[in-house]
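If you want the building blocks of each chain, they are given just below.
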Amino acid sequence: LPASVAMDGIDWDFRWLGEPPPAQPGEDRVQLIDQAQVGPLLDAASPTASARPGDPAVRRWVGVLDGGELLACAADTSAVTGVGHLSSIAVHPGARGRGLASAVTARLARLLFADGCDVVTLGMYADNAGGRAVYDRLGFADDHRFSSGLLQIRR
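Given the structure is predicted, the values throughout are model-derived calculations rather than measurements.

Undergrad: Quick one: what's the story with the nonpolar core, residue by residue and with numbers?
TA: Leu86, Val120 and Phe140 are the most contacted members of the largest nonpolar core, which has 29 residues in total. Of all the secondary structure elements, the ones that give two or more residues to this core are β3 (60–66), β4 (69–76), β5 (83–91), α2 (100–114), β6 (119–125) and α3 (129–138). For this core, the element with the highest residue contribution is α2, accounting for 10 residues. With residues near it in sequence (within four places) discarded, phenylalanine 140 still touches Arg15, Trp16, Leu17, Leu86, Thr105, Val120, Leu122 and Tyr135.

Undergrad: Lay out the side chain of threonine 105 in plain terms, naming residues and giving numbers.
TA: Looking at the element boundaries, threonine 105 is found in helix α2. Threonine 105 sits in the buried class, given a relative accessible area of 1%.

Undergrad: So what's going on with the pairing of β5? Residues and values would help.
TA: In terms of burial, β5 is a largely internal element, 7 of the 9 residues being buried. In terms of strand pairing, β4 meets β5 through 4 bridges, oriented antiparallel. Along β5, the bridge assignment pairs aspartate 76 with leucine 86. The antiparallel pairing of β4 with β5 creates a hairpin that spans 6 residues between the two strands, and glycine 82 there sits at a positive phi of about 85°. The sheet contact formed by β5 and β6 spans 4 bridges and is parallel.

Undergrad: Could you give an account of the environment of leucine 112, naming the residues involved and the relevant values?
TA: By the secondary structure assignment, leucine 112 is in helix α2. Owing to a relative accessible area of 0%, leucine 112 belongs among the buried residues under this scheme. On a C-alpha basis, the gap between leucine 112 and aspartate 76 in space is 8.3 Å, while along the polypeptide they are 36 residues apart. Excluding anything up to four places from it in sequence, leucine 112 contacts Arg59, Arg60, Asp76, Ser78, Gly84, His85, Leu86, Cys117 and Val120.

Undergrad: Describe the pattern of salt bridges, with residues and values.
TA: The full count for this structure, using the stated rule, is 10 salt bridges. For arginine 132, the salt bridge goes to aspartate 13, with nearest N and O atoms at 2.4 Å. Of the two residues, arginine 132 sits in helix α3 while aspartate 13 sits in strand β1 (residues 5–17), which places them 119 residues apart along the sequence. Aspartate 13 matches arginine 132 in its accessibility class, with the two residues each being buried. Between glutamate 27 and arginine 110 there is a salt bridge whose closest N-O contact spans 3.0 Å. One end of the pair, glutamate 27, is in the loop between β1 and β2 (30–33); the other, arginine 110, is in helix α2, with 83 residues separating them in the sequence. The class of glutamate 27 is buried, set by a relative accessible area of 10%. Judged by its relative accessible area of 23%, arginine 110 is partly exposed. Via salt bridges that share partners, Asp13, Arg15, Arg132, Asp136 and Asp142 belong to a single interconnected network.

Undergrad: Just give me the short version of the pairing of β4, but keep the residues and values in it.
TA: The buried count for β4 comes to 7 of 8 residues, which makes it a mostly enclosed element. Across 7 bridges, β3 lies against β4 in antiparallel orientation. Each residue of the ladder has a partner; that of valine 64, found in β4, is alanine 72. From the end of β3 to the start of β4, which pair antiparallel, there are 2 residues, and glycine 67 there has a positive phi angle of about 60°.

Reading the values: the criteria
Residues numbered from 1 in each chain as written. Predicted model: local features only at pLDDT ≥ 70, side-chain atom pairs only at ≥ 80, totals over all residues. Heavy atoms only, no water. Core = buried A, V, L, I, M, F, W, Y, C linked by side-chain atoms within 4.5 Å. Buried < 20%, exposed > 50% of the residue type's maximum accessible area, 1.4 Å probe, protein only. Helix = DSSP H or I, 4+ residues; strand = E, 2+ residues; numbered from the N terminus. Contact = heavy atoms within 4.5 Å. Pairing = 2+ DSSP bridges. Salt bridge = Lys/Arg side-chain N within 4 Å of Asp/Glu carboxyl O.

Here it is in structure tokens:
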């Protein structure tokens, strides 16, 4: 950017997976869920999540329930034939460290490949070290780094 322009934004990475990920412990607990359950989890775990309940881009939500409480979720926001896209992967702060992010990510990716997708993609905040470790373990590769935000004119 020229010196007269600044950006108030965030860096994020576009990642992709070319084959189904390795099976993850807990995938058998991942199920299709009603979007009404998702809002409170995202409020607690990921308030800046890109997909929210009621978003018309969401084709389906998957999650892990424990005693009726939603502990983890992920959204299928695939829009292009043959390309699956994952969004709003979140785990309740009190349930982190149990492998739930790996389970919901792997299960939804596996569903997308079974639906006929050739590749599965996601975007992640560049500074999300925990998410990066999960996605690396599942075989996601980096494709591009982006910066998003509002441009501001410096005076």
